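Here is how the chains run, residue by residue.
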Amino acid sequence: MPDGWGRAQKASRPALVSTGEVMNGSRILALTFLLIFAPVAHSQEPTSPHLHTVEQFVAAFNAHDSKAMAALVADDIDWLSIADQKVAVEISGKGELIKSMDAYFKSCPSCRSSLSGVVSTSVRVSAVEIASWQGKDGLKSQKSLSVYEFSDALIRRVYYFPAEK
């Protein structure tokens, strides 16, 4: 980079850079800014149909309604856990989702989930999911990154990363 780049100069432009180069540099900086932040700004629109589906899915989870959850997923849903360099298929298929969720709800009647830091793209919704439940010593919680992948209007895959306390 030219000497003086990013430092205050007495002149109206950085040292060793012509006016044409400053304009091109400004255009490149503006274009870079738009490429980085425009998709994020666009992706966080509250009207995203996929975001609404994920919110319904979490609401059904909180109601311990496995059939309502299943109504929002593809028949060939895959629920994947990611840890280190391994990906494990936890659930495969709508029937297995219902069976697994019913067993989970019986084992943890106080379990609830909420979403934070949600970002939505054309085929995925990612969020920090905050799970909470009543433990022996009071309310417990943990956070995990989740990614919901869509096929048409239905959840096709759910990726869960290791929980952080």
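1. Looking at the state of the cysteines
Step number 1: A full pass over the atoms with the stated rule returns one disulfide.
Step number 2: The residue that forms a disulfide with C108 is C111, at a sulfur-sulfur distance of 1.7 Å. For the disulfide bridge between C108 and C111, the dihedral angle about the S-S bond is near 85 degrees, and by the sign convention the bridge is right-handed.
Step number 3: You can call C108 buried: its relative accessible area is 13%.
Step number 4: Residue classification places C111 among the buried residues on the basis of a relative accessible area of 4%.

2. Quick notes on the side chain of D78
Step number 1: For D78, the position within the fold is in strand β1 (residues 73-83).
Step number 2: Look at D78 and you get buried, because its relative accessible area is 14%.
Step number 3: Among the polar contacts made by the side chain of D78, one reaches the side chain of S92 at a distance of 3.0 Å.
Step number 4: In this structure, D78 is in contact with V89, I91, S92, R156, R157 and V158, ignoring residues within four places of it in sequence.

3. Let's talk about the pairing of strand β6 (residues 154-160)
Step number 1: When you tally the buried positions in β6, you get five out of seven residues, the bulk of the element.
Step number 2: Where strand β5 (residues 138-151) lies against β6, six bridges are found, and the strand directions are antiparallel. Note that in β6 the partner of V147 across the bridge is Y159.
Step number 3: Connecting β5 to the next strand, β6, in antiparallel fashion are two residues, including D152 with a positive phi near 60 degrees.

4. Topic: the nonpolar core
Step number 1: By size, the foremost hydrophobic cluster in this structure holds 22 residues, and its most contacted members are F57, W79, Y148 and I155.
Step number 2: Per element, the largest residue contribution to this core is six residues, and it comes from helix α2 (residues 49-62).
Step number 3: Once residues lying within four places of it in the same chain are set aside, the contact partners of W79 are F57, A88, V89, E90, I91, L97, M101, V158 and Y160.

5. Some words on helix α4 (residues 94-107)
Step number 1: In a regular helix each residue adds 1.5 Å, so 14 residues correspond to 20 Å; α4 covers 20 Å between its end C-alpha atoms and thus fits that length.
Step number 2: Residues of α4 that are buried: L97, M101 and F105. Seen end-on, α4 carries its buried residues on one side only, within an arc spanning 55 degrees. Facing away from the buried surface of α4 by more than 90 degrees, the exposed residues are G95, K99, K106 and S107.

6. Overview of α2
Step number 1: Its 14 residues give α2 an end-to-end C-alpha distance of 20 Å, which sits within 8% of 20 Å, the value for a rise of 1.5 Å per residue.
Step number 2: All buried positions along α2 are accounted for by H50, L51, T53, V54, F57, V58, A60 and F61.
Step number 3: Downstream of α2 by a residue or two, H64 has a phi angle that is positive, lying close to 55 degrees.

7. Digging into the confidence of the model for the protein
Step number 1: On average, residues of the protein carry a pLDDT of 80, and 71% of them reach 70 or more.
Step number 2: The lowest-confidence element of the protein is helix α1 (residues 19-43), averaging 44 in pLDDT; the highest-confidence one is helix α3 (residues 66-70), averaging 98.
Step number 3: Low pLDDT, under 50, characterises residues 1-25; the predicted model gives this stretch 15 contacts beyond four residues in sequence or across chains.

8. Some remarks on the sheet that holds β5
Step number 1: Taken in spatial order, the six strands make up an open sheet running β2-β1-β6-β5-β4-β3, and their pairing is mixed. Looking along the sheet, the strands with just one partner apiece sit at the ends: β2 (86-92) and β3 (112-120). Across the sheet, the axes of successive neighbouring strands diverge by a mean angle of 25 degrees, strand direction being ignored.
Step number 2: Here β1 pairs with β2 via six bridges, running antiparallel. Paired with D78 across the bridge in β2 is S92.
Step number 3: Sheet contacts for α2: β1, β3, β4 (124-135), β5 and β6; angle to β3, the most-contacted strand, approximately 170 degrees.

Reading the values: the criteria
Along each chain, residue indices are assigned from 1 in the same order as the chain's sequence is written. For this predicted model, a pLDDT threshold of at least 70 governs which residues receive local features, and a threshold of 80 or more governs which side-chain atom pairs are given and counted, while totals over whole chains, interfaces and linings are taken from all residues. Think of the side-chain values as coming from all heavy atoms in the structure, minus any hydrogens and water. Sulfur atoms of two cysteines make up a disulfide when they are within 2.5 Å. Each residue gets one of three labels from its accessible area relative to the maximum for its type: buried under 20%, exposed over 50%, partly exposed in between, using a 1.4 Å probe on protein chains only. Strands are runs of DSSP state E lasting at least two residues, helices are runs of H or I lasting at least four, and both sets are numbered from the N terminus onward. Here a polar contact is taken to be a pair of N or O atoms separated by no more than 3.5 Å, where protein atoms must pair a possible hydrogen donor with a possible acceptor and residues adjacent in sequence count only if both atoms sit in side chains. Whether two residues are in contact is decided by their heavy atoms, any of which lying within 4.5 Å being enough. Note on pairing: two strands pair once DSSP finds at least 2 bridges between them. Here, nonpolar core refers to any group of buried Ala, Val, Leu, Ile, Met, Phe, Trp, Tyr and Cys residues whose side-chain atoms link them within 4.5 Å. Take the number of residues in a helix, subtract one, and multiply by 1.5 Å to get its expected span. Within this analysis, the arc is defined by the directions that extend from the helix axis to the C-beta atoms. As a per-residue measure, pLDDT reflects the predictor's confidence and takes values from 0 up to 100. Axes, fitted as lines to C-alpha atoms, cover a helix only where it is in contact. Angles between the N-to-C directions of the axes lie from 0 to 180 degrees.

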